[in-house]
Amino acid sequence: MADDPNSDVNGNGRRDVAVPMELYKSITVFSTLLAVVFVLLAFVMFDAATLGRSFVRGVVRDAFGVVGLSVGGQPLTIAFALVGFAFLVTGSGIYILGSRFRATEMGNAKHEAGEE
Amino acid sequence: MSLERKDDHDHKGWMKERDLTPVESVYLTVLMWLDKRLRIVDYLEILEDLYYKVNMQMPKSHTEQYNLDNKFWYWYPLYALGSFSTIAYVVASVSGALLGFYYSPAAAGASGSPTVAYEQITFIMTDLNLGFFLRSLHRWSAQVMVAAVFLHMLRVYFTGAYKEPRELNWIIGIVLISLTMVFGYTGYLLPWDQLAFWAGQIGVEMALSVPVAGEWAAQLVFGGFTLTHATLQRMYILHVFFLPFIATTVIAIHIGIVWMQGIAEPH
Ligand code: HEM
């Protein structure tokens, strides 16, 4: 990595990858969008875990019913909560990962001269 | 304006020559896949372009001509307060119309037992699905409207926007802030709880304290010198019939005049 002038572990130990402007725009727009969607889904899941009349909870319970299974309230709650946390972590992860990219034009204290 | 795709950057080739971790490669590949299909970035760029083009066509305002923007810019958000009042009014109207399906203005059942009006409020708050939300929305939007209207008035005053030729709109504004407050007062009495009842008592006594016309005014507005069913019924019909028609009309005239005259340059 050290010999690639465009990707670098910068001063504060954070990895930093320079990308073309066009790609940078896609990263910003889509990572933000995905992060928002995942966080919203996480809260839908938390609702399903904690709210008896949640729509999602009803649908899942009925779906189990259709195939002849009846799941208890407690396991359902735990499952929804875990999925919710997974979504929350995924959303944050997507956003955090997006923050290591920057456009070449955006500059950075180091390597200013050597960039395309 | 067309959405011709721009010459594609060779992302794949670019990625190969770069030293990316596996996570980064997958990440970028997924985002690029999405970008190629959904093209949101292209549309955002069109909007950005449009924004600048539209702005370029605007005539220079007084503040720009005399280079006052650097001193005046922090007033600009306050020009939104009139629209903010309007939005609060619309929210209050819609939530109020929905509350109207459940509330009834009857003071029957008084002396000890709760009144019909109060029982309907209790029903909305405890039994009706989303009732708590609906009533809260109505109360909050009403409070926000009072605050926004008042701050809007301050904005108009401190930017000197009341001056010629806008005196008429200032006077209409006085009427509007009065209507807003009467809206608030009549609505406050509708739950017919202790708060409402004693606020009504204060109103009657204030009316009665007026010389000469006092008794007549108390009769007209409160339907008597003590609070009865007639009082509640008057408050109700003022709140849900008279005031909505009057206030909506006056707001329309007020905004119509702003439209005709254009917004005032700061004085
Ligand atoms: C229900 C209450 C009111 C509503 C919905 C309302 C709405 C508006 C709106 C949308 C504007 C356009 C400019 C802006 O938003 O700042 C405006 C301008 C104006 N308003 Fe109001 N307003 C209300 C109350 C008042 C009050 C209480 C006053 C003053 C006593 C007032 C005086 C004016 C004047 C003079 C203008 C013209 C300002 C200019 O040209 O810069 N309005 N109003």
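The structure this text deals with has already been given above.
Cut-offs applied
Counting restarts for each chain: residues are numbered from 1 in the order of the written sequence. Labels are handed out in written order, letters beginning with A for the chains and numbers beginning with 1 for the ligands. The predicted origin of the model limits local features to residues at a pLDDT of at least 70 and limits the giving and counting of side-chain atom pairs to 80 or more, whereas totals for whole chains, interfaces and linings rest on all residues. Excluding hydrogens and water, the side-chain figures rest on all heavy atoms present in the structure. Only protein chains enter the area calculation, which uses a 1.4 Å probe; residues under 20% of their type maximum are buried, those over 50% are exposed, and those in between are partly exposed. Helical segments are the DSSP runs of H or I of at least four residues, strand segments are the runs of E of at least two, and each set is numbered from the N terminus. What the arc describes is the spread of directions from the helix axis to the C-beta atoms. Contacts were defined at the residue level, with two residues in contact if any of their heavy atoms lie within 4.5 Å. When two components associate, each loses some accessible surface as probed by a 1.4 Å sphere; the sum of these losses over both components is called the buried area. Just to be clear on terms, a salt bridge is a Lys or Arg side-chain nitrogen sitting within 4 Å of an Asp or Glu carboxyl oxygen. Under the rule applied, a polar contact is a pair of N or O atoms within 3.5 Å (in protein, one hydrogen donor and one hydrogen acceptor; residues adjacent in sequence only if both atoms are side-chain atoms). Counting rule applied: Lys, Arg positive; Asp, Glu negative; His and chain ends not counted. Any residue with at least one heavy atom within 4 Å of a molecule or strand is counted as near it. Charged means Asp, Glu, Lys or Arg here, nonpolar means Ala, Val, Leu, Ile, Met, Phe, Trp, Tyr, Cys or Pro, and polar covers whatever is left, Gly included. Two rings from Phe, Tyr or Trp (for Trp, the six-membered ring) form a pair when their centres sit within 6.5 Å of each other. Planes less than 30 degrees apart are called stacked, planes more than 60 degrees apart edge-to-face, and all others tilted. Sites may look incomplete because water is not among the atoms; the donors themselves are N, O and S atoms within 2.8 Å of the metal, or within 3.2 Å for Na, K and Ca. When four donors show all angles between 85 and 135 degrees the site is tetrahedral, when four or six donors have opposite pairs over 155 degrees and all other angles between 65 and 115 it is square planar or octahedral respectively, and in every other case it is irregular. Orientation is described by axes fitted as lines to C-alpha atoms, over the contacting stretch for helices, and by angles from 0 to 180 degrees between their N-to-C directions. Should an angle fall under 35 degrees it is called roughly parallel, over 145 degrees roughly antiparallel, and 65 to 115 degrees roughly perpendicular, with every other angle called oblique. If you view the pair so one helix is near and one far, a crossing is left-handed when the near helix is turned anticlockwise from the far one by less than a right angle, and right-handed when it is turned clockwise.

Engineer: In this structure, what is going on with helix 7 (residues 116-126) of chain B? I would like to understand it.
Structural biologist: An α-helical turn contains 3.6 residues, so any two residues separated by three or four positions project in the same direction. Residues and elements named next belong to chain B. Within the sequence span of helix 7, burial applies to Ala 117, Ile 121 and Ile 124. Buried residues of helix 7, viewed axially, fall in a sector of 60 degrees; they line one side. Where helix 7 is buried, its residues meet helix 6 (81-99), helix 8 (131-158) and helix 12 (229-261).

Engineer: Can you walk me through the interface of chain A and chain B in this structure?
Structural biologist: Interface size is commonly expressed as the accessible area that is lost once the parts come together. Facing the 27 residues of chain A at the interface are 24 residues of chain B. When residues of chain A are sorted by the area they lose upon contact with chain B, A:Glu22, A:Leu23 and A:Phe30 head the list and together hold 28% of the total. There are 3 salt bridges connecting chain A and chain B. One salt bridge connects B:Glu45 with A:Lys25, and the closest N-O pair in it is separated by 2.4 Å. Applying the counting criterion to the chain A and chain B interface returns 7 residue pairs in polar contact (both at pLDDT 80 or more).

Engineer: I keep staring at the pairing of strand 2 (residues 15-19) of chain A and nothing clicks. Help me out?
Structural biologist: Regular strands have side chains that alternate between both faces of the sheet. Most of strand 2 of chain A is tucked away: 5 of the 5 residues are buried. Side chains of strand 2 of chain A alternate between two faces, with A:Arg15, A:Val17 and A:Val19 and A:Asp16 and A:Ala18 buried alike.

Engineer: What is the right way to look at the side chain of B:Arg135 in this model?
Structural biologist: Residue and element names in this part refer to chain B. Within the secondary structure layout, Arg 135 lies in helix 8. We note that Arg 135 is buried and unpaired, the nearest opposite charge coming from Asp 193 at a distance of 5.3 Å. Not counting the four nearest positions on each side in its chain, Arg 135 is found in contact with Leu 99, Ile 121, Ile 124, Met 125 and Pro 191.

Engineer: Explain the site of the ligand here, please?
Structural biologist: All names here are of chain B. The environment of the ligand is made up of 26 residues, and the closest members are Tyr 79, His 152, Arg 155, His 254 and Ala 264. Contact between the ligand and Gly 82: an oxygen atom at 3.3 Å from a main-chain N or O atom of the residue. At a separation of 2.7 Å, a nitrogen atom of the ligand approaches a polar side-chain atom of His 254. Listing elements by their share of the shell around the ligand, those giving two or more residues are helix 6, helix 8, helix 9 (167-189) and helix 12. Split into classes, the residues belonging to the shell around the ligand amount to 14 nonpolar, 10 polar and 2 charged.

Engineer: I tried to follow the packing of aromatic side chains on my own but got confused; where do I start?
Structural biologist: Any two aromatic rings considered together are summarised by their centre-to-centre distance and by the angle between their planes. Taken as a whole and judged by the stated rule, the model has 20 aromatic pairs over all chains. Judged by centre distance (6.0 Å) and plane angle (5 degrees), the rings of A:Phe101 and B:Tyr27 are stacked. With one member in each of two chains, A:Phe101 in strand 3 (residues 101-103) and B:Tyr27 in helix 2 (residues 22-38) form a pair that bridges those chains. Residue A:Phe101 shares its accessibility class with B:Tyr27, and that shared class is buried.

Engineer: Sorry, what's going on with the coordination of the iron atom of the ligand here?
Structural biologist: Around a metal, the idealised angle for a tetrahedral arrangement of four donor atoms is 109.5 degrees; for an octahedral arrangement of six donor atoms it is 90 or 180 degrees. Residues and elements named next belong to chain B. The protein atoms donating to the iron atom of the ligand are His 152 (NE2) and His 254 (NE2), with metal-donor distances spanning 2.0 to 2.1 Å. For the iron atom of the ligand, the 6 donor atoms are set out with angles of 85 to 180 degrees between them, so the coordination reads as octahedral. Of the two residues, His 152 is situated in helix 8 and His 254 in helix 12; the sequence distance between them amounts to 102 residues. Each member of the pair His 152 and His 254 is classed as buried.

Engineer: Any chance you could explain the packing of helix 8 of chain B against helix 9 of chain B here in plain terms?
Structural biologist: When two helices pack together, their arrangement is given by the angle between the helix axes and the distance between those axes. Residues and elements named next belong to chain B. Two numbers describe how helix 8 lies on helix 9: the axes approach to 11 Å, and their chain directions differ by 160 degrees. Judged by the inter-axis angle, helix 8 sits roughly antiparallel to helix 9. In this structure, helix 8 meets helix 9 at a crossing whose hand is left-handed. Here helix 8 contributes Arg 139, Met 145, Val 146, Val 149, Phe 150, Met 153, Val 156 and Tyr 157 to the contact with helix 9, which in turn contributes Trp 170, Ile 177, Thr 180 and Tyr 188. Partitioning the contact of helix 8 with helix 9 into residue classes produces 10 nonpolar, 1 polar and 1 charged.

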